[in-house]
Amino acid sequence: MRVSIGSGGRVAVIGAGAAGLCSAKNLRDFGSSFKVVVFERGSQVGGAWRYSEKTGSFAVMYKSLRTNIPKEVMAFPGFPFADELPSFPGHSDVQTYLESYATEMDLHPMIRFNAHVEKVWKDESGSSWWVKSSDTMNYEGSVEEFDAVLVCNGHHGLPVYASVDGLDTFTGITTHSSVYRTPTPFRDQTVVLLGYGPSGVDIGIDIARGGAKQVLVAHRGYVQDEGALPNLSFRPTMVRVEGSTIHFADGRTVDADQIVLCTGYAYNFPFLDPEIGVTVKNQVISKLYRHLVFTKDPTLSFVGIPQKIVPFPVFHYQSVYVAKYLSGEVDLASEEERENELNEEWKIHGDKADRFFHVFGPRQWEYMHSLAQQTEQTPMPRALQGVFENTAAIRKANPLSYRARQYEVFGEGETDWSYMLVDPV
């Protein structure tokens, strides 16, 4: 099936984070003279990588955050991070990298800053998309017509709050990891974190190092008490809260001063007209072929949905694919074929599909390879997969010290990489 919006087609990109920047570049480079408009509600590029001390500002970075994926693997293909940076750079380094990418790829002429997208809908004829936006500085609004829409607003916009019996009775302070910035407010206190994802581990370590009296990380995959620091340990998940007392699944309790919910985020597209038919339930976005293309209408796509991936390279291959099928260069499966493939993938996940359908992990490599092959792009070198897998194993075994590794990739083969130990930052 050929899908083409024609030469000079107008394409709206929502968001100027990593996914939006990459999509804008590839729509320009691989599309048919597309006219691209990027809507960014903030005043600069970077998306989730922008750091702000203010909470409630759509910023989710904390001050000490460093990447948990080496820069050698994380970079956009053909645009490496600066050589002088460590393999695990800080959030400000990634922000600088994205700003450099936008400048060197000449993306700024396509970006409208302070442009908040309020609504996206399809007209009655089904031939055009309409985007209503407003300028956050002067509140002037506009409605514009487009031939295609790429949603690139990330998945850190809507924090998920755990449902724990009695949590509302807690006499201390309850926060979500999205508002965490520094360990200072937790000094000399007993803190319980719920969740063992990347933020739960790193924030727990940060709070413990910052002088907390005791830090307990509660999670479903609990195996042992011992943590990486004397004042950091683990517990089974929280089952009940009574006043200041936290009850864990194994019957133990602790009196806590603060609870930090490291329970992740939900996909959120409040600007999409419900009539379009995109729904989100149990962390699954409905009708997404290849976790990217809206099955019912391929002129709507979502770049950056998969989780537990090397994000920037995945964004690259996804957006090249979208640019090429929108220009008619790449065939797209028919709607029936897209539906069938989606249903087959759902069956493979079985009873875990509800929570883990968009969680990739090891299958990201075949996913990228397939997109690269179909769009005639150079696939990810096997060496980068080796570095990623090595990092994952070391991170799990040594969450305190794995960032002391400095990687070097010197070829494309599976073993064409090495590392040396450097002083942890």
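Our subject is the structure listed above.
Attention here is on the structure that accompanies the text. A quick note: this is a predicted structure, and the numbers were derived from the prediction, not measured.

### What to know about the overall build of the chain
Each helix and strand counted, the chain has 9 helices and 24 strands in total. The C-alpha atoms of the chain give 22 Å as radius of gyration, which agrees with the globular expectation for 425 residues (22 Å, within 12%). When its C-alpha atoms are laid out on the principal axes, the chain stretches across 65 × 50 × 45 Å. Counting every position in the chain, which comprises 425 residues, the buried fraction comes to 54%. Counting only contacts in the chain whose residues sit at least 6 apart along the sequence, the fraction spanning at least 24 positions is 64%. Looking at the chain, you have 39 positive and 51 negative side-chain charges, and the mean spots of the two groups are 3 Å apart.

### Here's the deal with helix H4 (residues 198–209)
Given a rise of 1.5 Å per residue, 12 residues ought to cover 16 Å, and the 17 Å separating the end C-alpha atoms of H4 matches this to within 8%. Along H4, 9 of the 12 residues are buried, which leaves the element largely enclosed by surrounding structure. For H4, the full list of buried residues reads Gly200, Val201, Asp202, Ile203, Gly204, Ile205, Asp206, Ile207 and Ala208. Turning to H4, the residues buried within the fold contact strand S10 (190–194), strand S11 (214–218) and strand S12 (232–235). Glycine 211 sits one or two positions beyond H4 and adopts a positive phi of about 105°.

### Examining the environment of arginine 209
Mapping arginine 209 onto the fold places it in helix H4. Taking the relative accessible area as the measure of exposure, arginine 209 reaches 54% and is therefore exposed. The residues contacting arginine 209, other than those within four sequence positions of it, are Leu229 and Leu400.

### Here's the deal with the side chain of arginine 181
Within the secondary structure, arginine 181 is located in the loop between strand S9 (173–176) and S10. Salt bridges are absent for the buried arginine 181, whose nearest opposite-charge side chain, glutamate 53, sits at 5.5 Å. A polar contact is formed between the side chain of arginine 181 and the backbone oxygen of serine 178, at a distance of 3.0 Å. The residues contacting arginine 181, other than those within four sequence positions of it, are Tyr51, Ser52, Glu53, Lys54, Thr55, Ala59, Val60, Met61, Tyr62 and Lys63.

### Comments concerning the sheet that holds strand S16 (residues 258–261)
In a beta sheet, neighbouring strands pair by backbone hydrogen bonds and run either parallel or antiparallel. Strand order across the open sheet formed by 5 strands is S9-S16-S10-S11-S12, with parallel pairing between neighbours. Only two strands of the sheet have a single partner each, and these edge strands are S9 and S12. Neighbour-to-neighbour, the strand axes of this sheet turn through a mean angle of 20°, independent of strand direction. Summarising the sheet, S10 and S11 pair through 5 bridges and their orientation is parallel. By the bridge assignment for S11, leucine 193 is matched with valine 217. Each of S10, S11 and S12 is contacted by H4, which is oriented at about 170° to S10, the strand it contacts most.

### Topic: unusual backbone geometry
At asparagine 282, a position not held by glycine, the phi torsion is positive, near 50°. Tracing the backbone shows asparagine 282 in the loop between strand S18 (280–281) and strand S19 (284–285). Under the relative-accessibility criterion, asparagine 282 is labelled partly exposed at 41%. The backbone phi angle of lysine 308 is positive, close to 55°, even though this residue is not glycine.

### Quick look at the pairing of strand S4 (residues 115–122)
Here S4 pairs with strand S5 (residues 129–135) via 7 bridges, running antiparallel. The partner of lysine 122 across the bridge, within S5, is tryptophan 129. The hairpin turn running from S4 into S5, its antiparallel successor, is 6 residues long, and glycine 126 in that turn takes a positive phi close to 75°.

### A word on the pairing of strand S13 (residues 238–242)
Looking at chain direction, S13 and strand S14 (residues 245–248) are connected through 4 bridges and run antiparallel. Bridged to glutamate 242 within S14 is threonine 245. If you look at the hairpin formed by S13 and S14, you'll find 2 residues sitting between the two strands, and glycine 243 has a positive phi there, around 65°.

### Focus: the layout of surface pockets
The volume enclosed by the second largest pocket comes to roughly 540 Å³. Glu72, Ala75, Gly78, Pro80 and Leu384 are the residues nearest the centre of the second largest pocket, which is lined by 24 residues in total. Going through the elements one at a time, helix H2 (71–74), helix H5 (311–326) and strand S23 (405–409) are the ones with two or more residues in the lining of the second largest pocket. Tallied by class, residues from the lining of the second largest pocket come to 14 nonpolar, 6 polar and 4 charged.

### A short note on the packing of aromatic side chains
This model, assessed by the stated rule, comprises 21 aromatic pairs. Taking the centre distance of 3.8 Å and the plane angle of 10° together, the rings of phenylalanine 81 and tyrosine 97 count as stacked. Of this pair, phenylalanine 81 sits in the loop between H2 and helix H3 (91–104) while tyrosine 97 sits in helix H3, and the two are 16 residues apart along the sequence. Both rings, one in phenylalanine 88 and one in tyrosine 407, keep their centres 6.4 Å apart while their planes meet at 65°; by these two values the pair is edge-to-face.

### A look at the packing of helix H1 (residues 18–30) against H5
Where H1 contacts H5, the two axes come as close as 8 Å, and the packing angle between them is 35°. Remark: the crossing between H1 and H5 carries right-handed chirality. In this structure, H1 uses Ala18, Ala19, Cys22, Ser23, Asn26, Leu27 and Phe30 to contact H5, whose residues at the interface are Phe312, Phe315, His316, Ser319, Val320, Ala323, Lys324 and Leu326.

### So, the environment of glutamate 242
Positionally, glutamate 242 belongs in strand S13. Those residues within four positions of glutamate 242 in sequence are excluded, and the remaining contacts are Thr169 and His247. At a separation of 3.4 Å, a polar atom in the side chain of glutamate 242 contacts the side chain of arginine 240. Side chain to side chain, glutamate 242 and histidine 247 meet in a polar contact 3.0 Å long.

So, how was this worked out
- One numbering rule holds for all chains: residues counted from 1, following each sequence as written.
- Totals for whole chains, interfaces and linings use every residue, but because this is a predicted model, local features are given only for residues with pLDDT of at least 70 and side-chain atom pairs only at 80 or more, for both listing and counting.
- The basis for every side-chain value is the complete set of non-hydrogen atoms in the structure, without hydrogens or water.
- Each helix corresponds to a stretch of at least 4 residues labelled H or I by DSSP, and each strand to a stretch of at least 2 residues labelled E; elements are numbered beginning at the N terminus.
- Two things to know: the radius of gyration comes from C-alpha atoms, and the globule rule equals 2.2 Å times the number of residues to the power 0.38.
- Here the term buried applies to any residue with accessible area under 20% of the maximum for its type, exposed to any over 50%, and partly exposed to those in between, with areas from a 1.4 Å probe on protein chains only.
- Here, residues are in contact when the closest pair of their heavy atoms is within 4.5 Å.
- None of His or the chain ends enter the tally, which takes Lys and Arg as positive and Asp and Glu as negative.
- Charged side chains are reduced to one point each, which is NZ for Lys, CZ for Arg, CG for Asp and CD for Glu.
- Multiplying one less than the number of residues by 1.5 Å gives the expected span of a helix.
- Within this document, salt bridges are pairs made up of a side-chain nitrogen of Lys or Arg and a carboxyl oxygen of Asp or Glu, the two lying within 4 Å of each other.
- By the criterion applied in these results, polar contacts are pairs of N or O atoms within 3.5 Å in which, for protein atoms, one can donate a hydrogen and the other can accept it, and in which residues neighboring in sequence qualify only through two side-chain atoms.
- Here, any two strands with at least 2 DSSP bridges between them count as paired.
- Axis angles are defined between N-to-C directions and span 0 to 180 degrees, where every axis is a line fitted to C-alpha atoms and, for a helix, only to the segment in contact.
- Here a cavity denotes a set of grid points, spaced 1 Å apart and computed over the protein atoms alone, in which a 1.4 Å probe fits but from which it cannot get out, and a pocket denotes an open set meeting protein on both sides within 12 Å along at least five of seven lines; residues with an atom within 4 Å of a point are reported as lining.
- Grid points are joined across faces, edges and corners, and a volume is the space filled by probe spheres set on the points.
- Here the nonpolar group is Ala, Val, Leu, Ile, Met, Phe, Trp, Tyr, Cys and Pro; Asp, Glu, Lys and Arg are the charged ones; every other residue, Gly included, is treated as polar.
- A pair of aromatic rings is counted whenever rings of Phe, Tyr or Trp (Trp by its six-membered ring) have centres within 6.5 Å, and the orientation is called stacked for planes under 30 degrees apart, edge-to-face for over 60 and tilted otherwise.
- Handedness of each helix crossing follows the sense of rotation of the near helix against the far helix: counterclockwise by less than a right angle gives left-handed, clockwise gives right-handed.

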